[in-house]
Amino acid sequence: MKTKILSLLFLQACILGALTLEEFDQLETQQQIRVLGNPPDSYKIGADPEKLLRLCMRALTSDSLEVRRIAAQMLAYFIAGIQTEAPSLIPEFKEEYTQELQHKLLTAMESEDPYTRMGAAQALAYSSSPNQQIEDLLLNTVRMEPNDEVKISTLTAMSVAGYGSTEISYRALEIFKSTQDSLVRHQSTKLLGFLKDERL
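The residue numbers shown here count from 1 along each chain, following its written sequence. Given that this is a predicted model, residues contribute local features only at a pLDDT of at least 70 and side-chain atom pairs are listed and counted only at 80 or more, while totals for whole chains, interfaces and linings are drawn from all residues. As a convention, hydrogens and water are excluded, and side-chain values are obtained from all of the structure's heavy atoms.

Q: Which residues make up the packing of helix α10 (residues 166-178) against helix α11 (residues 182-195), and what values go with them?
A: One way to put it is that α10 packs onto α11 with a least axis distance of 9 Å and a crossing angle of 150 degrees. The orientation of α10 relative to α11 falls into the category roughly antiparallel. Of the two elements, α10 crosses α11, and the hand of that crossing is left-handed. For the pair α10 and α11, the contacting residues are I168, S169, A172, L173, I175, F176 and K177 in the first and V184, R185, S188, T189, L191, L192 and L195 in the second. Put simply, Ala, Val, Leu, Ile, Met, Phe, Trp, Tyr, Cys and Pro go in the nonpolar bin, Asp, Glu, Lys and Arg in the charged bin, and everything else, Gly too, in the polar bin. Looking at the contact of α10 with α11, its residues break down into nine nonpolar, three polar and two charged. In this analysis, axes come from line fits to C-alpha atoms, helices being fitted only over the stretch in contact, and the angle between any two N-to-C directions falls in the range 0 to 180 degrees. Secondary structure elements are taken from DSSP: a helix is a run of H or I of four residues or more, a strand is a run of E of two residues or more, and numbering for both begins at the N terminus. What sets the label is the angle itself: under 35 degrees gives roughly parallel, over 145 gives roughly antiparallel, 65 to 115 gives roughly perpendicular, and the rest give oblique. By convention the crossing between two helices is left-handed if the near helix lies anticlockwise of the far one by an angle smaller than a right angle, and right-handed if it lies clockwise. In what follows, a contact means two residues having at least one pair of non-hydrogen atoms within 4.5 Å.

This is how it looks when you write it as structure tokens:
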């Protein structure tokens, strides 16, 4: 089921690729939100993930908080979906796009909106192979983050993306013990079960 959902998200992402940056810039805020969240049938295309990446990166710098939020969320779905594809189907992005993407995601992680921070952190976790620099950035973000849902979502994305820091388990357990949010408690339980950390 998860693979099918991600495949549908990937297909939706490909549909978005038909819209040029210039055309996207001309849309009203609500139209941009609709395109990013539910692209209309009129945007028919051949799949071009690079165009989608550039479109969402552009949307991350929008003046509208709502547009930035859905762009961060779409990037998280899109990049996670790509990671589930067979190696032969994973598109290769230019290095400068990856670097620009990571820079924009880091900026988005400073947003006042928790759902923008959440999407950006998840997307950053999936944006490259696990490496110490991104691991340190994400763990520091979790330490400073005031919102439990953002914390546990970031830790989950890190785990799925292949990060193996022992701090992930300890932070997840800490959240489980302290949160008053039943959804966050459920998410932390699932993450702890996924990690199967015998040290805990």
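From this point, the narrative continues.
Q: Could you give an account of the pattern of salt bridges, with specific residues and numbers?
A: Put simply, a salt bridge is a Lys or Arg side-chain nitrogen that is within 4 Å of an Asp or Glu carboxyl oxygen. The tally for this structure, following the rule as stated, stands at eight salt bridges. Between E100 and K104 there is a salt bridge, with the nearest N and O atoms lying 3.8 Å from each other. Of this pair, E100 and K104 both sit in helix α6 (residues 95-108), four residues apart, roughly one helical turn. The closest approach of N and O atoms between R117 and E145, which form a salt bridge, is 2.7 Å. With R117 in helix α7 (residues 114-126) and E145 in the loop between α8 (132-144) and α9 (148-161), this pair connects stretches of sequence that are 28 residues apart. Here the term buried applies to any residue with accessible area under 20% of the maximum for its type, exposed to any over 50%, and partly exposed to those in between, with areas from a 1.4 Å probe on protein chains only. For E145, a relative accessible area of 6% gives the class buried.

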